[in-house]
Amino acid sequence: MIDEIVSAKNLDLTFQTNDGPVHALKGVDLEIGKGEFVSFIGPSGCGKTTFLRCVAGLEEPTGGALTVNGMTPDEARRARAYGYVFQAAGLYPWRTIAGNVKLPLEIMGYSRADQDARVRNVLELVELAGFEKKFPWQLSGGMQQRASIARALAFDADILLMDEPFGALDEIVRDHLNQQLLTLWARTEKTIGFVTHSIPEAVYLSTKIVVMSPRPGRITDVIESPLPKERPLDIRDTPEFLEIAGRVREGLRAGHAYDD
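All residue numbers refer to position in the chain's written sequence, counted from 1. Selection of residues for local features in this predicted model requires a pLDDT of at least 70, selection of side-chain atom pairs for listing and counting requires 80 or more, and totals for whole chains, interfaces and linings are taken over all residues. Based on all heavy atoms of the structure, the side-chain values leave hydrogens and waters out of the count.

So, on to the domain arrangement of the protein. Domain annotation of the protein identifies domain 1 (4–81 + 159–257) and domain 2 (90–156). Taking only C-alpha atoms into account, the centre of domain 1 sits 25 Å from that of domain 2. Contacts are assigned to residue pairs with any non-hydrogen atoms lying within 4.5 Å of each other. Every contact between the two is made by 13 residues of domain 1 and, on the other side, twelve residues of domain 2. In this description, buried area is defined as the sum, over both parts, of the accessible area (probe of 1.4 Å) that is lost when the two are combined. When the two sides are added together, the surface that domain 1 and domain 2 hide from each other amounts to roughly 1,200 Å², 67% of it contributed by carbon and sulfur. Two residues, D156 and K190, come together in a salt bridge whose shortest N-O distance is 2.6 Å. What fixes the domain bounds is an automatic or database domain assignment. Within this document, salt bridges are pairs made up of a side-chain nitrogen of Lys or Arg and a carboxyl oxygen of Asp or Glu, the two lying within 4 Å of each other.

On to the environment of E59, then. Under the scheme used here, helices are H or I runs from DSSP no shorter than 4 residues and strands are E runs no shorter than 2 residues, and both carry numbers assigned from the N terminus. Along the polypeptide, E59 turns up in the loop between α1 (48–55) and β4 (63–68). Each C-alpha atom, one on E59 and one on E164, is 18 Å from the other, the two residues being 105 residues apart in sequence. Apart from the residues within four sequence positions on either side, E59 is in contact with L13, F15, R53 and C54. Counting of polar contacts relies on pairs of N or O atoms within 3.5 Å, with two restrictions inside protein: one atom must be capable of donating a hydrogen and the other of accepting it, and residues adjacent in sequence are counted only when both atoms are side-chain atoms. Looking at E59, its side chain comes within polar contact range of the side chain of R53, at 3.2 Å.

Let us now look at the nonpolar core. Core analysis: the biggest nonpolar cluster contains 50 residues, and M162, L181, V203, I209 and V248 have the highest contact counts within it. The greatest single-element share of this core, amounting to six residues, is contributed by helix α5 (residues 141–153). Two domains each donate at least three residues to this core, and these are domain 1 (4–81 + 159–257) and domain 2 (90–156). L66, A81, I159 and L161 belong to the second largest nonpolar core, which has 28 residues in total. To qualify as a nonpolar core, a set must consist of buried Ala, Val, Leu, Ile, Met, Phe, Trp, Tyr and Cys residues joined through side-chain atoms within 4.5 Å. For every residue, the accessible area obtained with a 1.4 Å probe (protein chains only) is divided by the maximum for its type, and the residue is called buried under 20%, exposed over 50%, and partly exposed between those limits.

This paragraph deals with the pattern of salt bridges. Per the counting criterion, the structure on display carries 13 salt bridges. Note that R78 is salt-bridged to D74, the shortest N-O span being 3.0 Å. Taken together, the positions of R78 and D74, both in helix α2 (residues 73–78) and four residues apart, correspond to about one turn of that helix. In this structure D74 comes out as partly exposed when scored by relative accessible area, which is 30%. As a salt-bridge pair, R118 and D114 come within 3.2 Å of each other at their nearest N and O atoms.

The next point concerns helix α6 (residues 171–188). Two residues of an α-helix separated by three or four positions point the same way, owing to the 3.6 residues in each turn. To estimate how far a helix should extend, the number of its residues minus one is multiplied by 1.5 Å. With 18 residues, α6 extends 25 Å from end C-alpha to end C-alpha; this agrees with the ideal 26 Å at 1.5 Å per step. Every buried residue of α6 is listed here: R174, D175, L177, N178, Q180, L181, L182, L184 and W185. Contacts made by the buried residues of α6 are with β3 (37–41), α4 (112–125), α5, β6 (159–163), β7 (191–196) and α7 (199–205). With a side-chain oxygen lying 3.0 Å from the backbone nitrogen of I172, the N-terminal cap of α6 falls on D170. Taken from the residues just after α6, E189 is the one with a positive phi, measuring 60°.

Interaxial angles span 0 to 180 degrees and are taken between N-to-C directions of axes, which are lines fitted to C-alpha atoms, for helices over the stretch in contact. Here α5 crosses α6 at 20°, and the two axes come no closer than 11 Å. It follows that α5 is roughly parallel to α6 by the angle criterion. Handedness of the crossing formed by α5 with α6: right-handed. Residue-level inspection shows G142, R146, I149 and L153 of α5 in contact with α6, the latter providing V173, L177, Q180 and L184. Within the contact of α5 with α6, the residues separate by chemical class into five nonpolar, two polar and one charged. These descriptions rest on fixed angle ranges, namely under 35 degrees for roughly parallel, over 145 for roughly antiparallel, 65 to 115 for roughly perpendicular, and the rest for oblique. Here is the rule for handedness: rotate from the far helix to the near one, and if that takes an anticlockwise turn smaller than a right angle the crossing is left-handed, while a clockwise turn gives right-handed. Residues were grouped as follows: Ala, Val, Leu, Ile, Met, Phe, Trp, Tyr, Cys and Pro as nonpolar; Asp, Glu, Lys and Arg as charged; and all remaining residues, including Gly, as polar.

Below you can see the structure in the form of C-alpha cells.
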C-alpha cells in the first residue's frame, strides 16, 4: 500500500503564449498522504487549479517531478485513480441524474447491472436517492453539485479532486454541502484535493491547508490542522479554528512578497 498518494518535487509549469511565457507554478514541493483532505487556497491565478490539473494529467509540468499513486499522472489517469469535480456541475441536460452519474461507467465498459448498482450506491452516499429520474434542471444548484460528486465517485477511485465546487453557491447551501462533504469523506476515506478561495471553508474541511502565492504559484505555507475529524459548524467560533484562519491570512499576505 502506498501511503504517499501525491508527491511533487520542485514542480514548474510555464505556459507559452503570444505575449510571452506565463509562469504558472514555480518550485512546488508537496506531499499528500493517503486519506488526507488537502485544500489549496490563494489569490486568483496563483496556480491552485493548475496544480490540480497537473495531478489529473490534464496539464504537463515543464520542470520537476510529480507522481500520483506511485505512477506518472498520465498513468494514474489511465488507471482511473481519481475522480474530478469541476467548478460547474457539468451535467448533460438531456440525461437524467442517474444517466449523468452512469456516463463514465458506460464509457469504461461496466456491465448494466454493475452500472445500476454503483449509481444506486453513490446517489445514496450524496443523499440523492429518489432523484434518479429527475433531470438536472429540476434540481437546485447544490443538488446538481452533489450529482456531480456522485459521478466522480461512481467508479470508486482512490482520489477525489475538487476544483472550487461550491464557489457559486450561497453561504447557507455551501455550509450544508461542507458538512455533507466531511461526512462523505469519513465514510469513503478518499484522499481529497480541494481548491477554494474561502479561508473558513479551507480551515473547516481540511487536514492540511496549502497556501499559495500570486503567480508564479509558489507554496508559502503548509498548515497541518489540529482540529478533530468530526467538526460541527460551530467549531468555526473556537479559538483553535480562528488561530488556523489567522495563519492562513498571514500566509496569503506573505505570498505577495514573492509577487513579480
